[in-house]
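Listed below are the residues making up each chain.
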Amino acid sequence: MSPLILSMVCSIVLNLYHGLRTELKLQLEAFFSFVILRLAHSRYGASYQLQEVAMEALVDFCRQKTFMMEMYANFDCDMTCNNVFEDLTNLLSKSAIPMNCPLSSIHILALDGLIAVIQGIVGRIGIGSVGSEPAPVNIDEYTSFWTVKCDNYSDPYQWVPFIRRRKHIKRRLMVGADHFNRDPKKGLEFLQGTHLLPEKLNPQSVACFLRYTSGLDKNLIGDFLGSHDEFSIQVLHEFAGTFDFEDMSLDNALRLLLETFRLPGESQKIQRVLEAFSERYYDQSPQVLANKDAALMLSYSLILLNTDRHNAQVKKKMTEEDFIRNNRRINGGNDLPREFLSELYHSICKNEIRTTPEQGFSYPEMTPSRWIDLMHKSKRIAPYILSDSRAHLDHDMFAIMSGPTIDAISVVFDHAELEDIYQTCIDGFLAIAKISACHHLVDVLDSVVVSLCKFTTLLNPSSVEESVLAFADDAKAMMATVTVFTIANRYGDYIRTGWRNILDCVLSLYKLGLLPARVASDAAEESELSADPVHGKTISNSLPLVHMQSMEIPRRYTGLMGRFSQFLALDIEEPRSQPPEQLAAHQHTLQTIQECHVGSIFTESKFLQAESLLELARALILAASHPQKGNSLPEDEDTAVICLELLITITLNNRDRILLLWQGVYEHIANIVQSTIMPCSLVEKAVFGLLRICQRLLPYKENLADELLRSLQLVLKLDARVADAYCEQITQEVGRLVKANAAHIRSLTGWRTITSLLSITARHPDAAEAGFDALFFIMSDGSHLLPANYVLCLDAARQFAESRVGQAERSMCAVDLMGDSVGCLARWSQNAKEAMGEEESAKLSEDIGEMWLRLVQGLQKVCLDQREQVRNHSLLSLQKCLTGVDGINLPHDLWLQCFDLVIFTMLDDLLEIAQGRQNNYRNMEETLVIAVKLLSKVFLLLLPEIAQLTTFCKLWVGVLSRMEKYLKIKVKGKKNEILQETVHELLKNTLLVMKSWGVLVQSSASGGDSLWERTWLHVNTIAPSLQAEVFPDQDPERSPHKLDETGYIPSKESVHAEYAGTGG
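Definitions and limits used
- Residues numbered from 1 in each chain as written.
- Predicted model: local features only at pLDDT ≥ 70, side-chain atom pairs only at ≥ 80, totals over all residues.
- Heavy atoms only, no water.
- Helix = DSSP H or I, 4+ residues; strand = E, 2+ residues; numbered from the N terminus.
- Buried < 20%, exposed > 50% of the residue type's maximum accessible area, 1.4 Å probe, protein only.
- Contact = heavy atoms within 4.5 Å.
- Areas by Shrake-Rupley, 256 points an atom, 1.4 Å probe, with all protein chains shown as cover.
- Core = buried A, V, L, I, M, F, W, Y, C linked by side-chain atoms within 4.5 Å.
- Bend = angle between axes of the 7 residues up to and from the residue.
- Patch = residues over 30% accessible without salt bridge, like charges linked within 9 Å, V, L, I, M, F, W, Y side chains within 5 Å.
- Salt bridge = Lys/Arg side-chain N within 4 Å of Asp/Glu carboxyl O.
- Polar contact = N/O pair within 3.5 Å; in protein donor to acceptor, adjacent residues only side chain to side chain.
- Axes fitted to C-alpha atoms, helices over the stretch in contact; angles between N-to-C directions.
- Parallel < 35°, antiparallel > 145°, perpendicular 65-115°, else oblique.
- Nonpolar A, V, L, I, M, F, W, Y, C, P; charged D, E, K, R; others polar.

1. Some points on the overall build of the chain
Counting its secondary structure elements, the chain contains 48 helices and 2 strands. Among the 1064 residues that make up the chain, the fraction classed as buried is 52%. Taking all contacts inside the chain whose residues are at least 6 apart in sequence as the whole, residues at least 24 apart take part in 76%. When the accessible surface of the chain is split by element, carbon and sulfur atoms take 50% of a total near 48200 Å².

Right, here's the structure in full:
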């Protein structure tokens, strides 16, 4: 065929398509199947010129707006037709790929055709469609679907779901065909299980399956139809009934039949097949035949003639006379017309009947029998569907063609050398990405990203200098890089595994020094500034790089996130000795990368869909985890650092979806913290990043506050060397966190973490000041002290009070914090009485009593400090906490417990220290004086309340015992006169107060166990003259039996007054 004639034919068919396609449905299918597809494949012997003309014609068709959609709707979704759309797109995809040869015009034409189809789909995006995403098709029961037609082929709301269901059935039939080809019986069972055949097989349904399903093994079809069982015979007759032999010659009818299966080799099977064929043929085209037996005999004769004429092993060929003679008297006892037989003879001689039809999916030639069959089928075929410009089936079509199209564009892009072709391929990639995002085809979008990333040349860089120069000179690589980041920024919602490849490109740019130096820090800062504008304005992120770098303030540690530019592996400025051409190329490269807006991927991550965001976070964690496997290189650590910083950036930018990210982020940071044994940038970023997350999210995520604060326990697990290196900065950040978020920390768990972090700084020379500053903020005015954190803060304050780091003033200030906190207890106690029920108030009062006991126990421990001023100051604070409890309801049992655990224990410990002659303790005499005064004052304050207790005598003996020991103590080998005078005076005052209150009176009982007897037993060993001084007029023979004549016990106020009057 002449290329010119083919071109004219194609042009005519295109015009027919425009004007008469509704009348030429099967003719159009035949044109593409038997002409275009056959000629475009080189294996059928067509010349290069014919292939090129066929390809040009196909591209012209592809440029028609609705052509491909109509091909898909009319043929691919019709179970009795070929998949024309799929075949054409596969042809374009394969033809665009050069096989061991340079790009040719056919390759470019095929690429243009693919791009035209893709651009057609893009043009329909946004135009109203009917069910652009196909709803799942469920087949719950068998229906005779082969002949079902749509009610209205002009209404998209009816024909779109109808043909989608048909396409689903067609796909399932193809699966059934595969099962059938392996085992016919199991294949039919599979089709029954999927409701594509009835539970009880009927001949008609099986016959339609065998007749119209593509891909069936034609040998198996012939064996099935030729079987002798009754059901197979019924299927055979139904199978023959699917053919329309009207006005068809016998040989053409036989050709048409034998194209659908291979004639079995057994004579009995052949007979059964030809009997069914003859019966059907005679019913439709009797012509000169007298009966069906005549049709059967003549069919046998044609098969024999066909074998004789076209079998090379037959040496003596049958002549026309032989053929006519062999068919005498077969037409009901009469001869068939000689002209009729002669015509059949010559037709068989010229055109063999192929009893072994082609298997699989091929593009056979058009034959008269096929054309006649086509004309018959066109009378009963479903109407041609005219599609409008809406995206009715674009999702379905694109899902089929996207894979081969991406492969084809990638290969052309790889082989191309001209920028025009580069741009065509890039346009194709962008169009595919847009369609993928529109139809939510995440796998397709990932494939586009993966393909493009390979062309960036960034995934496997060699040496830095060579890679930078090669990248700058490679237009293809730069175009691919810009396209990758364009897709990431535009369609990131639908990227999944592709984030890993995008991140690899980001890291490669970083290693080459081509990444904007503040991409990560700006990302985090932008999210901060957007939330906390300064004077109503935010700092722009679009400042020139040089200006931004000049604004940097260098410091030893980067604090929360640090500056990305501080750990750039390469200086982005080029050496001055570089040639101007290279310098200009490098600057152009930097500008190009800046236009990629790499940072926007992370700063705008708050707009990503949840699944995409999660995949981005996983990609960052995966990329950052490699250096932790062991012997890592410095550049590996840099990679881990930038990945961690970007991970923290997206975490901060997605505070409303923190639950989605938190588990993975926390585990990654925990892995870094627990596996690092030496200070490094990675662990620094991990720790400070964690602190930053807590700072930023606590005000907004109260339900996650405990989880966030619990994560800070990782800081406590740092290796000692790491913790020491960053202790000061960590403490400063914890202090900032506390000051900014104290009101949002309400649970015991959260405060335990905070106070633990502050406590460990008490003995660190660099961090103690910052740690105490944070603690002072919590405890100073009591506004941030809560029942949940009170004991924890007390323990932390005691750590600072006992710490020898820094000046003693800090320890004394810590003691003051402890002492002043008693006011909070009084306030809580008062509030409980006013606002709570009786039961709740009693419970809180009990808890307050326990807190108070912990308070005085903590102060008691600090009272043993080696430093005199701290020790004495603690004693005074303890006295304040023991005597200033008017607003707190403390039960008697708690006071007795306080004497045993706090006051007596402290006095005994101080006594032991004073007698031990320890050089570290100086001027213990003054401390002992303060301690014994504290004992006397507290005892007299409580006397009215405890005098009637059964254990009072034991308590009083304990007081006397300590006074006796303090009176007799020798400090540094000698007694102290001031201490002796103080003890003597305090004892006398105490006895006088007890006398005046009627507590100490002479008892009539004998035996020495009374309070009176035991008192003077101790006092007389201390100061024998005191009894006469206190009771000068006491008659030993008289002893009242009650406290006093009125039974009155003075109030606390009178105790204070009387105690003051005695010089206490």
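Further notes follow.
2. Regarding the nonpolar core
Formed by 284 residues in total, the largest nonpolar core has its most connected members in Leu 503, Trp 852, Leu 882, Ile 903, Phe 939 and Tyr 966. Residues in contact with Leu 503, not counting those within four places in the same chain, are Phe 602, Ala 619, Leu 620, Ala 623, Cys 643 and Leu 646. Counting 61 residues, the second largest nonpolar core, distinct from the first, contains Ala 240, Ala 253, Leu 254 and Phe 340.

3. Here we look at helix α34 (residues 720-741)
The sharpest bend along α34 comes to roughly 60 degrees, located at Cys 727. For α34, the set of buried residues is Val 722, Tyr 726, Cys 727, Gln 729, Ile 730, Thr 731, Glu 733, Val 734, Gly 735, Leu 737, Val 738 and Asn 741. Looking at the buried residues of α34, the elements they touch are α31 (681-697), α32 (705-711), α33 (713-716), α35 (748-759) and α36 (768-779).

4. Re a nonpolar patch on the surface
On the surface, Met 1, Ile 5 and Val 9 cluster together into a nonpolar patch covering about 300 Å² of accessible area. When you line up the elements, Val 9 lands in helix α1 (residues 3-20).

5. A word on the environment of Arg 710
Mapped onto the elements, Arg 710 comes out in helix α32. For Arg 710, a relative accessible area of 34% gives the class partly exposed. Between the alpha carbons of Arg 710 and Trp 751 there is a distance of 9.4 Å; along the sequence they are 41 residues apart. In terms of polar contacts, Arg 710 uses its side chain to reach the side chain of Glu 707, at 3.0 Å.

6. Things to note about the packing of helix α43 (residues 924-946) against helix α45 (residues 977-996)
Interhelical geometry of α43 versus α45 gives an angle of 5 degrees and a closest axis separation of 10 Å. Taken together, the axes of α43 and α45 lie roughly parallel to each other. Between α43 and α45, the residues in contact are Leu 928, Val 929, Val 932, Lys 933, Ser 936, Phe 939, Leu 940 and Leu 943 and Ile 978, Leu 979, Thr 982, Val 983, Leu 986, Thr 990, Val 993 and Met 994, respectively. Of the residues assigned to the contact of α43 with α45, the class counts are 12 nonpolar, 3 polar and 1 charged.

7. Some remarks on the environment of Val 902
As for its placement among the helices and strands, Val 902 is situated in helix α42 (residues 892-915). Residue class for Val 902 comes out buried when judged on its relative accessible area of 0%. Along the primary structure Val 902 and Val 856 are separated by 46 residues, whereas in three dimensions their C-alpha atoms are 6.9 Å apart. In this view, Val 902 contacts Leu 853, Val 856, Gln 857, Gln 860, Leu 878 and Gln 897; residues no more than four positions away in its chain are not counted.

Geometric descriptors of this kind do not, in isolation, establish any biological role.
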